[in-house]
Amino acid sequence: MNPTGHRTVFGIPAVLTGPEISVIVEDLTALWKLTYSSPPKDLDTDLELCRKFFDPLTRGGTLRERLASLEKTPMKIRRASYTRPLVIDVGSGSCIVGVEARLFLDILQEAAEDDYFVLSSSSIAVMERRALDKYREWSTARLNQVVALRSGKAIEVMQAISVGLVIALLVNRSDAPERAMPKLSTDSPEGLRLNSAIYSGAERFAEIVMRNKSSRSAGERSLKGGYGLSEARRRLAHRLVTDKRSGGEFVHVSPEHKEEVIFYLAADLARRTSLTEDSLAEAFDALILGFRETGDALAHGSLIFERPADTRRLKTQFICAFAEARARNDRKSE
């Protein structure tokens, strides 16, 4: 498309006549409709649509299905020999467009009535910078998500059952390798007893925090493969340790990060605007009661390590941390 050897942008000459602009706008608009099943609309909204094919987190199988469902690109457009990254030939007679094409189309649409148009270096730089920002946003999305989870800044609060489960581990003083809890499934009688013991208090805690009754299945109430611990691991990461030993897998709160875990959980709970100090104290007491009622199962396996004096200190520390986090939140919202 550039027989004169003049400067090009995405394979398109930087100097365009009115008729050339019309043809390119028509072609890119048609390709956009074929790619996203609707005509171009708001620029920001359209750029997000490009995730359909260009999001690096999209599964390969999903991408293959989407490509297979594309209609054939008209021969007129294919013969125009548009190149990457403006237009991408995905095989089987189909082409797609994405971020660069949508940004380029936005520039050309503003010049559609002109006799000729020159793509300036500044406009090209702005376009390329915006494309780079969009790709950077997508490529760092998973990293940002993990960082937000482990720093307590995710949009969603931590599941109450997961908070309760970690507190139950702290109540049992499972904050050292020698006091770790075995990760057993609920398939065996022993596993069912141990999981019920550690989850009993956690569920009572969650019911008061959420003000509703738990409806999780027995399989989910498990330290091995259960949702509660999986969610806690996603949030607390290295602060919740799984040890692999000859006797199986064991979980405990990292002793080096115990204080950090307490403040993390308290701060997460403080984001629940309907939760008060009194209701949190009530939930904590319910957790302790439920834990002690089922503690025989842990004692049977020499796995109960709770000390009432330590539990009282833990509760006081937790409530104080919650109050401090709530006060910080209130100051930020003023």
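Everything below is about the structure shown above.
Everything numeric here is computed off the predicted structure, so don't read it as measured data.

Chemist: I would appreciate a short explanation of the environment of Phe263 in the present structure.
Modeler: By secondary structure assignment, the location of Phe263 is in helix α12 (residues 258–270). Residues Phe263 and Glu324, 61 residues apart in the sequence, show an inter-C-alpha distance of 9.5 Å. Once you skip the residues sitting within four places of it in the chain, Phe263 turns out to touch Ala321 and Glu324.

Chemist: Help me out: how do you make sense of a nonpolar patch on the surface in this one?
Modeler: A contiguous nonpolar surface patch, about 310 Å² in accessible area, is contributed by Val15, Tyr116 and Val118. Position of Val15 relative to the elements: it lies in strand β3 (residues 15–17).

Chemist: So what exactly am I meant to see when it comes to the nonpolar core here?
Modeler: For soluble globular proteins, nonpolar side chains are generally found buried alongside one another. Counting 53 residues, the largest nonpolar core has Ile167, Ile198, Phe205, Leu265, Leu269 and Phe318 as its most contacted members. Elements with a contribution of two residues or more to this core: α9 (160–171), α10 (189–210), α11 (227–236), β9 (248–253), α12, α13 (277–293), α14 (295–300) and α15 (308–333). Looking at which element gives the most residues to this core, the answer is α9, with 10 residues. Contacts of Phe318, omitting those with residues within four sequence positions, involve Ile167, Ile262, Leu265, Ala266, Leu269, Leu280 and Phe284. Membership of the second largest hydrophobic core comes to 40 residues, among which are Phe10, Leu31, Tyr36 and Cys95.

Chemist: How should the packing of α12 against α15 be read in this particular structure?
Modeler: Packed helix pairs are specified by the crossing angle of their axes together with the interaxial distance, meaning the distance between the axes. Look at α12 against α15: their axes get within 8 Å of each other, and the N-to-C directions meet at 50°. The angle between α12 and α15 falls in the class oblique. In the packing of α12 onto α15, the handedness of the crossing is right-handed. Across the interface between the two elements, Glu259, Ile262, Phe263, Leu265, Ala266, Ala267, Leu269 and Ala270 of α12 pack against Leu314, Gln317, Phe318, Ala321, Phe322, Glu324, Ala325, Arg326, Arg328 and Asn329 of α15.

Chemist: Even after reading the chapter, I still don't get the pairing of strand β8 (residues 240–245), so can you show me in this structure?
Modeler: Looking down a regular strand, the side chains alternate between one sheet face and the other. In this sheet, β9 lies alongside β8 in antiparallel orientation, the contact comprising six bridges. Note on β9: the bridge partner recorded for Val241 is His252. Between β8 and β9, which pair antiparallel and follow one another directly, the connecting turn spans two residues.

Cut-off values and rules
- Residues numbered from 1 in each chain as written.
- Predicted model: local features only at pLDDT ≥ 70, side-chain atom pairs only at ≥ 80, totals over all residues.
- Heavy atoms only, no water.
- Helix = DSSP H or I, 4+ residues; strand = E, 2+ residues; numbered from the N terminus.
- Contact = heavy atoms within 4.5 Å.
- Patch = residues over 30% accessible without salt bridge, like charges linked within 9 Å, V, L, I, M, F, W, Y side chains within 5 Å.
- Areas by Shrake-Rupley, 256 points an atom, 1.4 Å probe, with all protein chains shown as cover.
- Salt bridge = Lys/Arg side-chain N within 4 Å of Asp/Glu carboxyl O.
- Core = buried A, V, L, I, M, F, W, Y, C linked by side-chain atoms within 4.5 Å.
- Buried < 20%, exposed > 50% of the residue type's maximum accessible area, 1.4 Å probe, protein only.
- Axes fitted to C-alpha atoms, helices over the stretch in contact; angles between N-to-C directions.
- Parallel < 35°, antiparallel > 145°, perpendicular 65-115°, else oblique.
- Left-handed = near helix turned anticlockwise from the far one by under 90°.
- Pairing = 2+ DSSP bridges.

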